[in-house]
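# Descriptive analysis of the structure
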Amino acid sequence: MKEEALILMLTCMDDDGDDIPPASPAEKLIEQLPKGASLVNFVVDTDKFREMD
């Protein structure tokens, strides 16, 4: 579900002409995680999402 929410948000931002910021480096995010938390990485492809329509 989180992937779908992100891809929809990014597609809408792209359609509106908004700037999409680059991904944050994993190292920077890991430093900010609470103890015991983990980081999950996934890739979204807005072009592939548009082809599904």
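Residues numbered from 1 in each chain as written. Predicted model: local features only at pLDDT ≥ 70, side-chain atom pairs only at ≥ 80, totals over all residues. Heavy atoms only, no water.

Applying the stated criterion across every chain yields a total of 2 salt bridges. The salt bridge partner of Arg 50 is Asp 14, with a shortest N-O separation of 3.2 Å. A residue pair is termed long-range when its members are at least 10 positions apart, and Arg 50 in helix H3 (residues 46–52) and Asp 14 in helix H1 (residues 2–15) qualify at 36 residues. A relative accessible area of 41% means that Asp 14 is categorised as partly exposed. A salt bridge links Asp 15 to Arg 50; its shortest N-O distance comes to 2.4 Å. Separated by 35 residues along the polypeptide, Asp 15 in helix H1 and Arg 50 in helix H3 bring together distant segments of the chain. (Salt bridge = Lys/Arg side-chain N within 4 Å of Asp/Glu carboxyl O. Helix = DSSP H or I, 4+ residues; strand = E, 2+ residues; numbered from the N terminus. Buried < 20%, exposed > 50% of the residue type's maximum accessible area, 1.4 Å probe, protein only.)

A few words on the layout of surface pockets. Gaps left between atoms are located by rolling a probe of water-molecule size over the structure's atoms. In this structure, the largest pocket spans a volume of roughly 420 Å³. Lining the largest pocket we find 16 residues, and of these Leu 6, Ala 23, Ser 24, Asn 41 and Phe 42 sit closest to its centre. In terms of residue count, H1 provides more of the lining of the largest pocket than any other element does, 4 residues in total. Its residues assigned to classes, the lining of the largest pocket shows 14 nonpolar, 2 polar and no charged. (1 Å grid on protein atoms, 1.4 Å probe; cavity = no way out; pocket = protein on both sides within 12 Å on 5 of 7 lines; lining within 4 Å. Points joined across faces, edges and corners; volume = space filled by probe spheres on them. Nonpolar A, V, L, I, M, F, W, Y, C, P; charged D, E, K, R; others polar.)

Turning our eyes to something else, we now look at a nonpolar patch on the surface. On the surface, Leu 29, Ile 30 and Leu 39 cluster together into a nonpolar patch covering about 230 Å² of accessible area. Here Ile 30 is to be found in helix H2 (residues 26–32). When its relative accessible area of 48% is taken as the criterion, Ile 30 is described as partly exposed. (Patch = residues over 30% accessible without salt bridge, like charges linked within 9 Å, V, L, I, M, F, W, Y side chains within 5 Å. Areas by Shrake-Rupley, 256 points an atom, 1.4 Å probe, with all protein chains shown as cover.)

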